[in-house]
Amino acid sequence: MQRTEASSILRQSSQASSLLVCAAAALLLLGCNGFGRGEAERQRAAEAERQRQLDALVSRCRRQQPAVKQQLQSLNGSNAALNQLNQQGYAPLPQPPAPDPALLARFTRDDQELELERHVKALARWRQQDGAERRRWDLEQERRRQQLAAQQLLARTALNKLGVASTPEAQTAWSSCDRAQLGALAQR
């Protein structure tokens, strides 16, 4: 009899343990699903906020688009002009021609010396004029370079005030107000 009672007690305790384990598993499962739902809702809310911010960004872009395009045009124009300026080289003044040796051969020795002396003086004048012209050209190039750099700085400053980054991707996105491009920029 004791054996039967012990077996009965063991069976009841085993059933109670099974019941307890099942109840704990059910509670755990419900808790995880509740947590998952809360996380999903947070993610949906975050995505809705991102979309709201992107809508606001696209709207702002459309309002600012004329100003952005104007500044980008100024920046691109000054960049192109600066590149063109850097490609230019100085073209020296034409050098005086040397005396023709066949013609010199028909001159007397004194006339040959006079002709060579005239040529040396003409070369000296040419060097002086060409040097002055080169300095004037260099100064004009530098003045123009500084002017273009100032235009670039003004355009970049204006773009920064408008919230446009100086990268080509940002400039393209802001000049077209493309939602996908602006979204990619906003996530960086």
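1. Overview of the overall build of the chain
- Across its full length, the chain holds five helices and zero strands.
- Going through the 188 residues of the chain one by one, you find that 21% of them count as buried.
- Counting contacts in the chain only where the partners sit at least 6 residues apart, residues at least 24 apart contribute 74% of the total.
- When the accessible surface of the chain is totalled, it reaches about 14,200 Å², and 56% of it is carbon and sulfur.

2. A word on empty space enclosed by the protein
- The final tally for this structure, using the stated rule, is one cavity of 30 Å³ or more.
- In this structure, the largest cavity spans a volume of roughly 30 Å³.
- If you go around the largest cavity, the residues you meet are R156, L159, N160, V164, A165, S166 and Q171.
- Per element, the largest residue contribution to the lining of the largest cavity is three residues, and it comes from helix α3 (residues 109–161).
- Its residues placed into classes, the lining of the largest cavity shows three nonpolar, three polar and one charged.

3. Some thoughts on the state of the cysteines
- Counted by the stated rule, this structure contains one disulfide.
- Covalently, C61 is tied to C177 through a disulfide, its sulfur atoms 2.1 Å apart. Note on the C61 and C177 pair: the S-S dihedral is about -95 degrees, so by sign convention the disulfide is left-handed. Taken together, the residues span a long stretch of sequence, with C61 in helix α1 (residues 2–87) and C177 in the loop between α4 (168–176) and α5 (179–186) at a distance of 116 residues.
- With a relative accessible area of 0%, C61 lands in the buried category.

4. Here we look at the nonpolar core
- If you look at the biggest cluster of nonpolar residues, it comprises 17 residues, and the most contacted ones within it are V68, L159, V164, W174 and L182.
- Put simply, the parts of the chain that give this core at least two residues each are α1, α3, α4 and α5.
- In terms of residue count, the dominant contributor to this core is α1 (seven residues).
- Ignoring any residue separated from it by four or fewer positions in sequence, one finds L159 in contact with V68, Q71, L72, L75, V164 and Q171.

5. Remarks on the pattern of salt bridges
- Here the structure, examined in full by the defined rule, presents ten salt bridges.
- Salt-bridge contacts for R134 lead to D138; the nearest nitrogen and oxygen are separated by 3.4 Å. Placement of the pair is R134 and D138 together in helix α3, with a separation of four residues, close to one helical turn.
- Between R145 and E142 there is a salt bridge, with its nearest N and O atoms 3.5 Å apart. Of this pair, R145 and E142 are both found in helix α3, three residues apart, which corresponds to roughly one turn of the helix.

Calculation rules
Residues numbered from 1 in each chain as written. Predicted model: local features only at pLDDT ≥ 70, side-chain atom pairs only at ≥ 80, totals over all residues. Heavy atoms only, no water. Helix = DSSP H or I, 4+ residues; strand = E, 2+ residues; numbered from the N terminus. Buried < 20%, exposed > 50% of the residue type's maximum accessible area, 1.4 Å probe, protein only. Contact = heavy atoms within 4.5 Å. Areas by Shrake-Rupley, 256 points an atom, 1.4 Å probe, with all protein chains shown as cover. 1 Å grid on protein atoms, 1.4 Å probe; cavity = no way out; pocket = protein on both sides within 12 Å on 5 of 7 lines; lining within 4 Å. Points joined across faces, edges and corners; volume = space filled by probe spheres on them. Nonpolar A, V, L, I, M, F, W, Y, C, P; charged D, E, K, R; others polar. Disulfide = S-S within 2.5 Å. Core = buried A, V, L, I, M, F, W, Y, C linked by side-chain atoms within 4.5 Å. Salt bridge = Lys/Arg side-chain N within 4 Å of Asp/Glu carboxyl O.

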